[in-house]
Amino acid sequence: MKHTLSVMVENNPGVLARVAGLFSRRGFNIDSLAVGRTENPRVSRMTIVVEGDDTTLEQVNKQLHKLVDVIKISDLTKDAYVDRELVMIKVFAEPSERAEIMQLVDIFRARIVDVGPKTLTIEVTGNEGKIDAFELSLRSFGIKELVRTGKIAMLRGYKTSTKNNNYKEEEVS
Amino acid sequence: MQSNVTKKVLRSRKGNVRKRKKETSEAQLSGAEILLRSLVDEGVETIFGYPGGQALPIYDALYDSKINHILCRHEQGAAHAADGYARATGRPGVCLATSGPGATNLVTGIANAFMDSVPMVAITGQVPQSLLGRDSFQEADITGITLPITKHSYLVRDTSELAQTVKEAIYIATTGRPGPVLIDLPKDVSSSLAEYRRADKMNLPGYRPVLDADPVQVQEAARAIIQSRRPVIYAGGGVVISGAHEELLRIAELLMAPVCNTLLGLGGFPGDHPLSLGMVGMHGTKYANFAISECDLLIAVGARFDDRVTGNVETFAPEARIIHIDIDPAEIGKNVRVDIPVVGDVKRVLGQLLEILKPGLAEAWRDKILAWKKEYPLTYCEKDCLKPQAIIREICRQTEGKARITTEVGQHQMWTAHYYTFTKPRSFITSGGLGTMGYGLPAAIGVQVGCPDELVFDIAGDGSIQMNIQELCTAVNYELPVNVAILNNGYLGMVRQWQEFFYNRRYSHSELLNPDFIKLAEAYGAEGIRVKRPAELAPAIEQAINSSKPVMLDFIVDREENVLPMVPPGGALNKMLE
């Protein structure tokens, strides 16, 4: 099963290498990893999508906790959360096809961010399902290039995963 | 050591210069001076190291520091010496090397400390920041290289951060599950000036080791223990590290539960105690392995279910519920299923348990195990040649089991585990997890520096000893009277044994041509004693113990003796070769 982990880390040099290295040497599979600063400039947040059974997830969680730079880990999958991914797609677009493509862009609430003589560059955000569907619908025109940011996610409602609380084991079970 | 006199004169002269310099620049110190001041303020007395270009500012500051610096003959030796010092004393071991090859030579030593949870701080020189990342002379990305084998690491970017870094490094290395921490120090950071302010607070929001266990888990463990009729305690290095040996002894006696040790756990429970089963696992005693295979409750204390202990995990302790007490939550359930996890400092958890436990009902079980101990003792066949086991026994007899013993890795290490009766924690110092040949001699040096009044033996093989033999010079240089007992069979004995058992006696590259160890010892300025016959054994050991010099004993032993019993790799513990 896929889990979306929110990992708060100290914004120190090398922290990404520590996390990435841990996943590779312990043989955990990363589906996607997105990292950026939070509202606190000393803290970065990594959103890691990892595939594995409960035992694997428990080890991922515990091993991550052993990294001194890791402040907090939450498995968002256990709660209600929203996730988004930003994708840019450069699609072949002959003048005759443009109208059809623009219609699709409208339907998916995407945006055209660049127009070239033979291509359109489209940005779309959404969850994985929506993005997959959009990609599929553009495939027939010919996708020249595609880039995805990886998933970022947040808990719904008042709750956050940013606050420091004391380390407890049960965050992933 | 005539040079000491001149050095002292030079030192006082240089001290004057230094004083004048300090008056002009107020409280500004160089990064190197801040480093040493911070180490002293954290209680560090000794550093094991080796100088080089990018470490020169640090070595210059060492020249008039009160820190005792031991010059090893190879950086790996310095790392192992710091490791041995830490294991013997419980205080952090500090090693120091220059950038590039100096730093990479520390790598094996750091990995060794990491695998065996040894508190160590490794300090490396680094090229100046302006040259970082340009493949400069003697540049190596040592923080990158050591990422998977350090508990944490720092590349210090600013001299003003140094005091804080040192404090944090020592704190991280010594608390929780101990481990090595690396501080990489670019030359511009160690030579520029800053004000020294002793760091007072730690700023580590992500580092909070759990020391006190959840009382609910402790209660549950106690309930399982009280219900058990056939308990076995499986005690590892964590008992030694946390100083829980007294609590362990009280619990074992209260429950009448037999105790088996891992290699690193030896000494954590008195080996001469009736409830002691000695070592468990691949080269464990028969009775220890039988006990694991038949117990109904396994109480793992500060141990990590290494494959050398469990053999095949499917057949490991098949009838038992498992309680796992460990400070590192990541060890719980890593290798075997655990029924009752208790995360906390072993000493505290055992203390908590002692408050609620009642005397055990394992009398019948204890008697069964005592009978096994009588029926299946460790044995070897006495012949009219030097038996390696007999040598260990004799060293044990003459030192009354009270010496500090280090080993290299291989057959001699297992025989030491079998035939030396360790009764005190921190008396057996050996490379368990990484299995580093060449560990024992430099570790013995570190042990002797940490415990100057104690008798130190490195029990070695003729293969292993040659991996860091240069450190004999360090021992001579600092007048450290370590004794090296080489069990010389002219083979890489453990490799040969595996080739005999599992590769049709095809002894591929395991036979060794050796130097004359006596002449070698003498060339270094140590004493050499060769022993060929059983009758010479006792007097030779006596001579070594009484000598004030480092002594190298070259025991010419039965060449094809095997370490038995043995569980083949991945096998079941109760199916042993003998």
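Residues numbered from 1 in each chain as written. Chains lettered and ligands numbered in written order. Predicted model: local features only at pLDDT ≥ 70, side-chain atom pairs only at ≥ 80, totals over all residues. Heavy atoms only, no water.

- As recorded in an unreviewed UniProt entry, chain A goes by the name Acetohydroxy-acid synthase (Small subunit), listed as coming from anaerobic digester metagenome.
- Quoted verbatim from the Sequence similarities (unreviewed entry) heading of the UniProt record, the comment on chain A is "Belongs to the acetolactate synthase small subunit family." (UniProt positions renumbered as here; feature names shortened; annotations may be inferred.)

**Re the overall build of chain A**
Reasoning step 1: When helices and strands are counted, chain A shows 4 helices and 9 strands.
Reasoning step 2: When the elements of chain A are put in sequence order from the N terminus, they spell out β-α-β-β-α-β-β-α-β-β-α-β-β.
Reasoning step 3: C-alpha atoms of chain A, sized along the principal axes, occupy 60 × 35 × 30 Å.
Reasoning step 4: By the burial criterion, 45% of the 173 residues in chain A qualify as buried.
Reasoning step 5: Across chain A, the fraction of contacts at a sequence separation of at least 24, relative to all contacts at a separation of at least 6, is 74%.
Reasoning step 6: On chain A, roughly 9,300 Å² of surface is accessible, and the fraction owed to carbon and sulfur atoms is 52%.
Reasoning step 7: One way to put it: in chain A the 26 positive side-chain charges average out to a point 4 Å from where the 25 negative ones average out. (Helix = DSSP H or I, 4+ residues; strand = E, 2+ residues; numbered from the N terminus. Buried < 20%, exposed > 50% of the residue type's maximum accessible area, 1.4 Å probe, protein only. Contact = heavy atoms within 4.5 Å. Areas by Shrake-Rupley, 256 points an atom, 1.4 Å probe, with all protein chains shown as cover. Lys, Arg positive; Asp, Glu negative; His and termini not counted. Charge placed at Lys NZ, Arg CZ, Asp CG, Glu CD.)

**Re the sheet that holds strand 12 (residues 297-301) of chain B**
Residue and element names in this part refer to chain B.
Reasoning step 1: Pairing is parallel in the open sheet, where 6 strands are placed in the order 11-10-9-12-13-14. With partners counted over all chains shown, the strands left at the sheet margins are strand 11 (276-279) and strand 14 (340-343), one partner each. Averaged over all adjacent pairs, the angle separating strand axes in this sheet is 15°, with direction ignored.
Reasoning step 2: In terms of strand pairing, strand 9 (residues 231-235) meets strand 12 through 5 bridges, oriented parallel. Across the sheet, the residue bridging to isoleucine 233 is isoleucine 299, located in strand 12.
Reasoning step 3: On the sheet, helix 12 (residues 286-294) packs against strand 9, strand 10 (259-261), strand 11 and strand 12 and is oriented at approximately 105° with respect to strand 11. (Pairing = 2+ DSSP bridges. Axes fitted to C-alpha atoms, helices over the stretch in contact; angles between N-to-C directions.)

**Overview of the pattern of salt bridges**
Reasoning step 1: Applying the stated criterion across every chain, the model contains 43 salt bridges over all chains.
Reasoning step 2: Across the salt bridge formed by glutamate 128 of chain A and lysine 2 of chain A, the nearest N and O atoms sit 3.9 Å from each other. On the criterion of sequence distance, the pair formed by glutamate 128 of chain A in helix 4 (residues 128-138) and lysine 2 of chain A in strand 1 (residues 2-10) is long-range, its members being 126 residues apart.
Reasoning step 3: Classification of lysine 2 of chain A as partly exposed rests on a relative accessible area of 35%.
Reasoning step 4: Salt-bridge contacts for aspartate 328 of chain B lead to arginine 177 of chain B; the nearest nitrogen and oxygen are separated by 2.8 Å. You can see aspartate 328 of chain B sitting in the loop between strand 13 (321-326) and strand 14 and its partner arginine 177 of chain B sitting in the loop between helix 7 (162-174) and strand 7 (180-186), a full 151 residues away along the chain. (Salt bridge = Lys/Arg side-chain N within 4 Å of Asp/Glu carboxyl O.)

**Points about the domain arrangement of chain B**
Think of interface size as the accessible area that goes away when the parts come together; that is how it is often given.
Residues and elements named next belong to chain B.
Reasoning step 1: In terms of domain boundaries, chain B breaks down into domain 1 (23-195), domain 2 (215-375) and domain 3 (388-556).
Reasoning step 2: Taking the mean C-alpha position of each, domain 1 and domain 2 sit 37 Å from one another.
Reasoning step 3: Each partner contributes residues to the interface: domain 1 has 7 residues there, and domain 2 has 6 residues.
Reasoning step 4: When the two sides are added together, the surface that domain 1 and domain 2 hide from each other amounts to roughly 550 Å², 59% of it contributed by carbon and sulfur.
Reasoning step 5: Three residues stand out in domain 1 for area buried against domain 2, namely Met115, Asp116 and Arg177, and they jointly supply 67% of the buried area on that side.
Reasoning step 6: The interface formed by domain 1 and domain 2 includes 2 salt bridges.
Reasoning step 7: Between the two partners, domain 1 and domain 2, sit 2 residue pairs in polar contact (both at pLDDT 80 or more).
Reasoning step 8: Of the residues contributing to the side of domain 1 that touches domain 2, the split by class is 2 nonpolar, 2 polar and 3 charged. (Domains from an automatic or database assignment. Buried area = accessible area lost by both parts, 1.4 Å probe. Polar contact = N/O pair within 3.5 Å; in protein donor to acceptor, adjacent residues only side chain to side chain. Nonpolar A, V, L, I, M, F, W, Y, C, P; charged D, E, K, R; others polar.)

**Notes on the UniProt feature "domain: ACT" (unreviewed entry) in chain A**
Reasoning step 1: Mapped onto this structure's residue numbering, the UniProt feature "domain: ACT" (unreviewed entry) falls at residues 4-78 of chain A.
Reasoning step 2: The straight-line gap between the two end C-alpha atoms of residues 4-78 of chain A is 9 Å; of that span, 32% is helix and 41% is strand.

**Comments concerning the packing of aromatic side chains**
Reasoning step 1: Taken as a whole and assessed by the stated rule, the structure comprises 15 aromatic pairs over all chains.
Reasoning step 2: Arranged with centres 4.9 Å apart and planes meeting at 55°, the rings of phenylalanine 108 of chain A and phenylalanine 134 of chain A form a pair that is tilted. Of this pair, phenylalanine 108 of chain A sits in the loop between helix 3 (95-107) and strand 6 (111-115) while phenylalanine 134 of chain A sits in helix 4; the two residues are 26 residues apart in sequence, bridging distant segments of the chain.
Reasoning step 3: Assessed through its relative accessible area of 16%, phenylalanine 108 of chain A is described here as buried.
Reasoning step 4: One aromatic cluster is present, built from ring pairs that chain together Phe290, Trp365, Trp372 and Tyr376 of chain B. (Phe/Tyr/Trp six-rings, centres within 6.5 Å; stacked < 30°, edge-to-face > 60°.)

**Observations regarding the side chain of histidine 3 of chain A**
All names here are of chain A.
Reasoning step 1: Structurally, histidine 3 can be placed in strand 1.
Reasoning step 2: The buried category is assigned to histidine 3, whose relative accessible area is 6%.
Reasoning step 3: Only 2.8 Å separates the side chain of histidine 3 from the side chain of aspartate 75, close enough to count as a polar contact.

**What about the pairing of strand 9 of chain B?**
Residues and elements named next belong to chain B.
Reasoning step 1: Buried residues dominate strand 9, accounting for 5 of its 5 residues.
Reasoning step 2: As paired elements, strand 9 and strand 10 share 3 bridges and run parallel to each other. By the bridge assignment, tyrosine 234 is partnered in strand 10 with cysteine 260.

**Re the interface of chain A and chain B**
Reasoning step 1: Counting residues at the interface gives 22 residues for chain A and 20 residues for chain B.
Reasoning step 2: For the pairing of chain A and chain B, the buried interface totals around 1,800 Å² over both sides, and the portion due to carbon and sulfur atoms is 52%.
Reasoning step 3: Of the charged contacts in the structure, one is a salt bridge between aspartate 328 of chain B and lysine 66 of chain A, with a shortest N-O distance of 2.5 Å.
Reasoning step 4: Here chain A and chain B share 6 residue pairs in polar contact (both at pLDDT 80 or more) between them.
Reasoning step 5: Elements with a contribution of two residues or more to the side of chain A that touches chain B: helix 1 (15-25), helix 2 (54-66) and strand 4 (70-75) of chain A.
Reasoning step 6: If one sorts the elements of the side of chain A that touches chain B by residue count, helix 2 of chain A sits on top with 6 residues.
Reasoning step 7: Tallied by class, the residues present in the side of chain A that touches chain B amount to 6 nonpolar, 6 polar and 10 charged.

**Re the nonpolar core**
Taken as a class, soluble globular proteins show a tendency for nonpolar side chains to be buried jointly.
Reasoning step 1: Grouped together as the largest cluster of nonpolar side chains are 46 residues, with contacts concentrated most on Phe48, Cys95, Leu106, Ile465, Val484 and Met552 of chain B.
Reasoning step 2: Discounting chain neighbours no more than four positions away, the residues touching valine 484 of chain B are Leu441, Asp458, Ala460, Ile465, Val551, Met552 and Leu553 of chain B. (Core = buried A, V, L, I, M, F, W, Y, C linked by side-chain atoms within 4.5 Å.)

**Considerations on helix 18 (residues 440-450) of chain B**
Reasoning step 1: Most of helix 18 of chain B sits inside the fold, with 11 of its 11 residues counted as buried.
Reasoning step 2: Listing the buried residues of helix 18 of chain B in full gives Gly440, Leu441, Pro442, Ala443, Ala444, Ile445, Gly446, Val447, Gln448, Val449 and Gly450 of chain B.

**A look at the layout of surface pockets**
Reasoning step 1: Of the voids in this model, the second largest pocket is the one considered here, and its volume is about 810 Å³.
Reasoning step 2: For the second largest pocket, the lining is made up of 34 residues, of which Gln63 and Lys66 of chain A together with Lys151, Arg177 and Asp328 of chain B are closest to its centre.
Reasoning step 3: Counting only elements with at least two residues in the lining of the second largest pocket, the list comes to helix 1 and helix 2 of chain A together with helix 5 (101-115) of chain B.
Reasoning step 4: Considering each element in turn, the lining of the second largest pocket owes the most residues, 4 residues, to helix 2 of chain A.
Reasoning step 5: Across the lining of the second largest pocket, the residue classes tally to 14 nonpolar, 8 polar and 12 charged. (1 Å grid on protein atoms, 1.4 Å probe; cavity = no way out; pocket = protein on both sides within 12 Å on 5 of 7 lines; lining within 4 Å. Points joined across faces, edges and corners; volume = space filled by probe spheres on them.)

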